[in-house]
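Spelled out from the first residue to the last, the chains are:
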Amino acid sequence: MSRLIIGALVLGAGAGLVLHYRFASSREEIVAVLETVTHLFLNLIKMVIAPLIFATIVSGITGMAKAR
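What you see is a predicted model, and the numbers here were worked out from it, not measured in a lab. (Residues numbered from 1 in each chain as written. Predicted model: local features only at pLDDT ≥ 70, side-chain atom pairs only at ≥ 80, totals over all residues. Heavy atoms only, no water.)

1. Some thoughts on the overall build of the protein
Right, on to step 1. For the protein, the count of helices and strands is two helices and zero strands.
Right, on to step 2. In terms of overall dimensions, the protein is more spread out than a globule: its C-alpha atoms have a radius of gyration of 22 Å, far above the 11 Å expected for 68 residues.
Right, on to step 3. The C-alpha extent of the protein, read off along each of the three principal axes, is 65 × 35 × 5 Å.
Right, on to step 4. Within the protein, the fraction of its 68 residues that count as buried is 1%.
Right, on to step 5. Summing over all exposed atoms, the protein offers an accessible surface of approximately 6,500 Å²; the carbon and sulfur share of this is 75%. (Helix = DSSP H or I, 4+ residues; strand = E, 2+ residues; numbered from the N terminus. Rg over C-alpha atoms; globule rule 2.2 N^0.38 Å. Buried < 20%, exposed > 50% of the residue type's maximum accessible area, 1.4 Å probe, protein only. Areas by Shrake-Rupley, 256 points an atom, 1.4 Å probe, with all protein chains shown as cover.)

Given below as structure tokens:
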């Protein structure tokens with residue numbers, strides 16, 4: 001299992017280096033696209049966390065009420 005992780009790490013670093021030198025001229029366009037994807041992902045995470053915390057609190061309160 002650790003061989004797969006190390007292999008993926010080396011492969012990812014190699015792909016990053018190749019893409020860095022291959023697309024050096026259009027770097028700003030790539031950064032803009034990745035920035036949009038990053039913001040979208042973080043906003044989706046934020047949308048999931050609030051209901052999850054609310055559900056956990058409600059579940060805890062109802063569990064305490066049933067214990068009595």
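Still to come is the rest of the account.
2. Structural notes on helix α1 (residues 2-22)
Right, on to step 1. Helix length check: α1, at 21 residues, gives a terminal C-alpha distance of 30 Å against a target of 30 Å (1.5 Å per residue), a fit within 8%.
Right, on to step 2. With respect to burial, α1 is a largely exposed element, only zero of its 21 residues being buried. (Expected span 1.5 Å × (residues − 1).)

3. Section: a nonpolar patch on the surface
Right, on to step 1. Side chains of Phe41, Leu42, Ile45, Ile49, Ile53, Ile57 and Ile61 sit close together on the surface and give an oily, nonpolar patch of about 650 Å² of accessible area.
Right, on to step 2. With respect to the helices and strands, the residue Leu42 is situated in helix α2 (residues 27-67). (Patch = residues over 30% accessible without salt bridge, like charges linked within 9 Å, V, L, I, M, F, W, Y side chains within 5 Å. Salt bridge = Lys/Arg side-chain N within 4 Å of Asp/Glu carboxyl O.)

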